[in-house]
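Per-entry structural report
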Amino acid sequence: MNILICGGAGYIGSHMVKMLAGQGHQVVVFDNLSTGHKEAVAGGVELVMGDLLRPGDLAALFSRHHFDAVMHFSAKSLVGESVMNPALYYANNVIGTINLLDAMRNHGVSRFIFSSSASIFGNPLQERINESHPQAPINPYGKTKLMVEHILRDYHAAYGLRSVSLRYFNAAGADPGGEIGESHQPETHLLPNILYSLLTGQKELKVFGREYNTPDGTCVRDYIHINDLCDAHLLALSFLEKNDGAHGFNLGNGNGFSVLEMIHSAEQVTGRKIAFTSAPPRSGDPATLVADSTLAVRQLVWQPKYTKIDDIIATAWHWHQNQRF
Ligand code: UDP
């Protein structure tokens, strides 16, 4: 297939590009490199520099290429930043996506896989979040993702656009081949921060919030390996061949790990002691987010391969050790 990957130079997008290219698909990456890395795009794949907020960039891209489907990974994705600067989030994540969908409409492209997020659900009302959980995001980031899901339903009803929204819980780990991994500037995510603090000793690891309503007082998240997420995208593409509609699936391992448990696991994997300090909670962070992915397992026939947190951390550690910081 000919597939457009928006945000293919970013963490999740670059792993997707590698997987698709490895399976012989024709892939084009569209990215503004605001947070992505040129060198993360797999060799031989065309990288088109452009911005979703400039419809002219999209018109030029779609005129030059024929696409069977689009996967959309480009987004601002930091909860705290979205609370401080919601305008940036509504513009990039909502207006940018509308521009992309309209370019698809103008060029007759009708298959769309959207990177959504667990944050569309807000504070959980049950232990594991399934697709029928109420959708009540508690930060602008989550609201932008939910808005796009609503837009996708309306675009399906009015224009016949088929879509799957994949609500990631916490993407983690790296390409097991060690070629690409997770690196943001500035880094805010837990696992890279743990490994970075170990490797450089430059940035002290902080644990944000020790008094959440969780067993050890720190936030609990459901960490899912990046390649398991990418597998789900491939399955979602096949699903759209057979199924009309605008669909949503939750993707996680179904097990929660607290920040302290993640630190402990990283100590096991790396064989080193990890120093940290306690810091106030980050705004917009819910106490617990754990997925119930039964629907994806059944309907997409998806099965995460990395079920142990130590194995996920080991892939990240493998990549991080070979980086120059
Ligand atoms: N966290 C932390 N220290 C860090 C980064 C993150 O304590 O340096 C916590 C954060 O408050 C959250 C969890 O780790 O409870 C996961 O955060 P991350 O930013 O990795 O993902 P998010 O859940 O925000 O998407």
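Reading the values: rules and limits
Residues numbered from 1 in each chain as written. Predicted model: local features only at pLDDT ≥ 70, side-chain atom pairs only at ≥ 80, totals over all residues. Heavy atoms only, no water. Helix = DSSP H or I, 4+ residues; strand = E, 2+ residues; numbered from the N terminus. Expected span 1.5 Å × (residues − 1). Buried < 20%, exposed > 50% of the residue type's maximum accessible area, 1.4 Å probe, protein only. Contact = heavy atoms within 4.5 Å. Phe/Tyr/Trp six-rings, centres within 6.5 Å; stacked < 30°, edge-to-face > 60°. Lys NZ or Arg CZ within 6 Å of the ring centre and 35° of its normal. Pairing = 2+ DSSP bridges. Right-handed = clockwise from strand over helix to strand, strands pointing away. Axes fitted to C-alpha atoms, helices over the stretch in contact; angles between N-to-C directions. Left-handed = near helix turned anticlockwise from the far one by under 90°. Nonpolar A, V, L, I, M, F, W, Y, C, P; charged D, E, K, R; others polar. Salt bridge = Lys/Arg side-chain N within 4 Å of Asp/Glu carboxyl O. Near = heavy atom within 4 Å. Polar contact = N/O pair within 3.5 Å; in protein donor to acceptor, adjacent residues only side chain to side chain. Areas by Shrake-Rupley, 256 points an atom, 1.4 Å probe, with all protein chains shown as cover.

**Some thoughts on helix α5 (residues 140–159)**
- If you check α5, its first and last C-alpha atoms are 27 Å apart, about what 20 residues at 1.5 Å a residue would give, namely 28 Å.
- Among all positions in α5, only Pro140, Tyr141, Gly142, Thr144, Lys145, Leu146, Val148, Glu149, Ile151, Leu152 and Tyr155 are buried.
- In this fold, the buried residues of α5 make contact with α3 (79–84), α4 (86–106), β5 (111–117), β6 (162–168) and β11 (246–251).
- Where α5 terminates, the next one or two residues include Gly160, which has phi positive at roughly 75 degrees.

**Some words on the packing of aromatic side chains**
- A complete count under the given rule lists five aromatic pairs for this structure.
- Measuring from centroid to centroid gives 5.4 Å for Phe62 and Phe67, while their planes differ by 75 degrees, and the two rings are edge-to-face. In this pair, the class of Phe62 matches that of Phe67, namely buried.
- Look at Phe239 and Phe249: their rings are 5.5 Å apart centre to centre, the planes differ by 85 degrees, and that puts the pair in the edge-to-face class. Highlighted residues: Phe239 in helix α7 (residues 226–242) and Phe249 in strand β11, separated in sequence by ten residues. Grouping residues by exposure puts Phe239 and Phe249 together as buried.
- The cationic tip of Arg105 hangs over the ring face of Tyr159; the distance from NZ or CZ to the ring centre is 3.9 Å.

**Here we look at the pairing of β6**
- Counting buried positions along β6 yields seven of seven residues, so the element is predominantly enclosed.
- Neither face of β6 is open: one carries Arg162, Val164, Leu166 and Tyr168, the other Ser163, Ser165 and Arg167, and all of them are buried.
- With seven bridges joining them, β5 and β6 adopt parallel strand pairing. Bridging across to β6, Phe114 finds its partner in Ser165.
- For the handedness criterion, the β-α-β arrangement of β5, α5 and β6 is classed as right-handed.
- Where β6 and β11 come together, six bridges link them in parallel fashion.

**Describing the packing of helix α2 (residues 55–64) against α4**
- Two elements in contact, α2 and α4, have axes whose closest approach is 10 Å; the angle formed by their N-to-C orientations is 35 degrees. Seen along the crossing, α2 lies across α4 with a hand that is right-handed. Contacts from Pro55, Leu58 and Phe62 of α2 reach α4 at Asn99, Leu100, Ala103 and Met104.
- Its residues assigned to classes, the contact of α2 with α4 comprises six nonpolar, one polar and no charged.

**Considerations on the pattern of salt bridges**
- In this structure the tally under the stated criterion is 13 salt bridges.
- The shortest N-O distance in the salt bridge between Arg54 and Asp57 comes to 2.9 Å.
- A relative accessible area of 48% means that Arg54 is categorised as partly exposed.
- Residue classification places Asp57 among the partly exposed positions, given a relative accessible area of 21%.
- The partner of Arg128 in a salt bridge is Glu127, with the nearest N and O atoms 3.6 Å apart.
- Here the salt bridges do not stand alone but share partners, grouping Lys18, Asp175 and Glu179 into one network.

**Quick notes on the site of the ligand**
- The ligand sits among 14 residues. The nearest are Leu190, Lys206, Cys219, Arg282 and Asp285.
- Taking Phe208, its main chain carries an N or O atom lying 3.0 Å from an oxygen atom of the ligand.
- Arg221 has a polar side-chain atom sitting 2.9 Å from an oxygen atom of the ligand.
- In the complex, the protein chains occlude 89% of the 520 Å² of accessible area that the ligand would expose alone.
- Looking at the shell around the ligand, the elements that each hand over two or more residues are α6 (190–200) and β8 (205–208).

**What to know about α7**
- In a regular helix each residue adds 1.5 Å, so 17 residues correspond to 24 Å; α7 covers 25 Å between its end C-alpha atoms and thus fits that length.
- Extensive coverage of α7 is indicated by the burial of 13 of its 17 residues.

**A short note on the side chain of Glu267**
- As for its placement among the helices and strands, Glu267 is situated in helix α8 (residues 259–270).
- When residues no more than four places from it in sequence are discounted, the contact partners of Glu267 are Arg272, Lys273 and Ile274.

**Examining the sheet that holds strand β12 (residues 257–258)**
- Spatial strand order, β12-β9-β14: three strands in an open sheet with mixed pairing. Each edge of the open sheet is held by one strand with a lone partner, namely β12 and β14 (288–289).
- Sheet analysis places strand β9 (residues 220–221) next to β14, joined by two bridges and oriented parallel. In the sheet register, Val220 faces β14, and the bridge partner there is Thr288.

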